[in-house]
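# Understanding the architecture of this molecule
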Amino acid sequence: MTATLGNTDFLPGQAAALAKAATLIEALPWLDRFHGQTVVIKLGGHAMADEALRLAFAQDIVFLRYAGLRPVVVHGGGPQISALLERLGVATSFTAGLRVTTPETMDVVRMVLTGQVNPDVVGLINRHGPFAVGMSGEDANMLTASRRQVIVDGEPVDIGMVGKIDAVSPGAVRALLDDGRVPVISSVARSASGEVYNVNADTAAAAVAVALGAAKLVVLTDVKGLYANWPVAGGEAGGPGTDGGPGTDGGPGTDGGPGTDGGPGTDGGPGEVISELTAASLEAMLPGLSEGMIPKMEACLLAVRGGVPQAHVLDGRLPHAMLLEIFTDSGIGTMVLPDGPRNEPSDGMGDTR
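Computed from a prediction, not measured in an experiment: that's the story for all the values here. (Residues numbered from 1 in each chain as written. Predicted model: local features only at pLDDT ≥ 70, side-chain atom pairs only at ≥ 80, totals over all residues. Heavy atoms only, no water.)

## Here we look at helix H7 (residues 201-212)
Applicable threshold: Secondary structure elements follow DSSP: runs of H or I of four or more residues count as helices, runs of E of two or more count as strands, with numbering from the N terminus. The span expected for a helix works out to 1.5 Å for each residue beyond the first. For every residue, the accessible area obtained with a 1.4 Å probe (protein chains only) is divided by the maximum for its type, and the residue is called buried under 20%, exposed over 50%, and partly exposed between those limits. Counting of polar contacts relies on pairs of N or O atoms within 3.5 Å, with two restrictions inside protein: one atom must be capable of donating a hydrogen and the other of accepting it, and residues adjacent in sequence are counted only when both atoms are side-chain atoms.
Look at H7: 16 Å from first C-alpha to last across 12 residues, which is about the 16 Å you get at 1.5 Å a residue. Counting buried residues along H7, 9 of its 12 residues qualify, which places the element largely inside the surrounding structure. Where H7 is concerned, the buried positions are Ala201, Asp202, Ala204, Ala205, Ala206, Ala207, Val208, Ala209 and Leu212. For H7, the N-terminal cap is asparagine 200; the gap from its side-chain oxygen to the backbone nitrogen of aspartate 202 is 2.9 Å. Phi for glycine 213, located one or two positions after H7, is positive at around 65°.

Given below as structure tokens:
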């Protein structure tokens, strides 16, 4: 049986090869646009917990590296932290969506993020070559943080060793990128006086993207993107805890939990995913979002307001979601853009959404 292209007949194998070639050609303008550019990816949710997705993620990172991009990975590890705390019999609680982090809990957070999750991600990437180098936000004082308080019923509440990022010193990351490496960063930070803090990984990724002058921030989550009528009847798109169980990277909702991967409203629930929106539009929506999406969308807002041209929330349950977003004409997920007129490249390349 043959296939016809134009006036030429091709055998099935040849037709399949031509389809692959067409995909490669489609990627050409994007390869040109992003060659040499830094892309910061926040790893979380099912992309971190599911073995097949973790392998696909590592392949994507290596593909970006070979394609001439400069990927940087920032990760959390909430489910892993919760699992180890439970095994050790250490009680944990949450206030205003964030894990109350005692010094004992902070020891576990540091152990899991920097001692377990980080080398696991590094090892997966390095199956394909000597690329990834593991780092903590503590290394070379890359992330400087201060103690964070939350407001409950109008009053400030102390939640322990949870930090907000005050400064980023990206020199060590830039040195690794210039050497052709892939920095993999765990979201732990030090204060100016030496205390160690648990920092939300979404926020850390955005701060790193701004400091590096990245071309994109990509946040992998467990929903298809930001829904237009969030929350929706019968549950939010992914439900409370989407893309992160209680306490991940600092609190409920980050990196996978109840409602993840098929919670009420997820995958075809009422409403449609917003393909793109401006920073001002996103800011207006933030008060109505669920705890699970707020840190992700706040990170996108922080990034574009800090000079990053594009920030994306993608469904990390979809294998190779990053490659579909970066190298194809039809973007996926939700893209956040700065306010004001859009600055398209002179050749007309842009996300055709």
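## Looking at the sheet that holds strand S15 (residues 310-315)
Quick reminder of the rule: Pairing between strands requires that DSSP locate at least two bridges from one strand to the other. Only C-alpha atoms enter the line fits that serve as axes; for helices the fit covers just the stretch in contact. Angles between N-to-C directions range over 0 to 180 degrees. We call two residues in contact whenever any of their non-hydrogen atoms come within 4.5 Å of each other.
Pairing is mixed in the open sheet, where 8 strands are placed in the order S7-S10-S4-S3-S13-S15-S16-S14. Strands with a single pairing partner mark the edges of an open sheet, and in this sheet they are strand S7 (132-136) and strand S14 (276-278). Across the sheet, the axes of successive neighbouring strands diverge by a mean angle of 20°, strand direction being ignored. Examined bridge by bridge, strand S3 (residues 38-43) and strand S4 (residues 70-75) share 6 bridges and lie parallel to one another. Each residue of the ladder has a partner; that of valine 40, found in S4, is valine 72. Along the sheet face, helix H3 (residues 51-66) touches S3, S4, strand S10 (182-186) and strand S13 (216-221) and points at about 150° away from the line of S4. The strands that helix H5 (residues 103-125) touches are S3, S4, S7 and S10; relative to S10, the one it contacts most, it runs at about 155°.

## Observations regarding the pattern of salt bridges
One side chain can pair with another of opposite charge once the charged atoms of both are near each other. Where we set the bar: Whenever Lys or Arg places a side-chain nitrogen within 4 Å of a carboxyl oxygen from Asp or Glu, that contact is recorded as a salt bridge.
Inspection of every chain in the model, using the stated rule, returns 13 salt bridges. A salt bridge links aspartate 166 to lysine 164; its shortest N-O distance comes to 3.3 Å. In this structure aspartate 166 comes out as partly exposed when scored by relative accessible area, which is 45%. With a shortest N-O distance of 2.8 Å, arginine 317 and aspartate 315 are connected by a salt bridge. Neither residue differs from the other here; arginine 317 and aspartate 315 are each classed as buried. Residues joined by salt bridges that share partners form a network here, namely Lys42, Asp202 and Lys296.

Read these as spatial facts, not as claims about activity.
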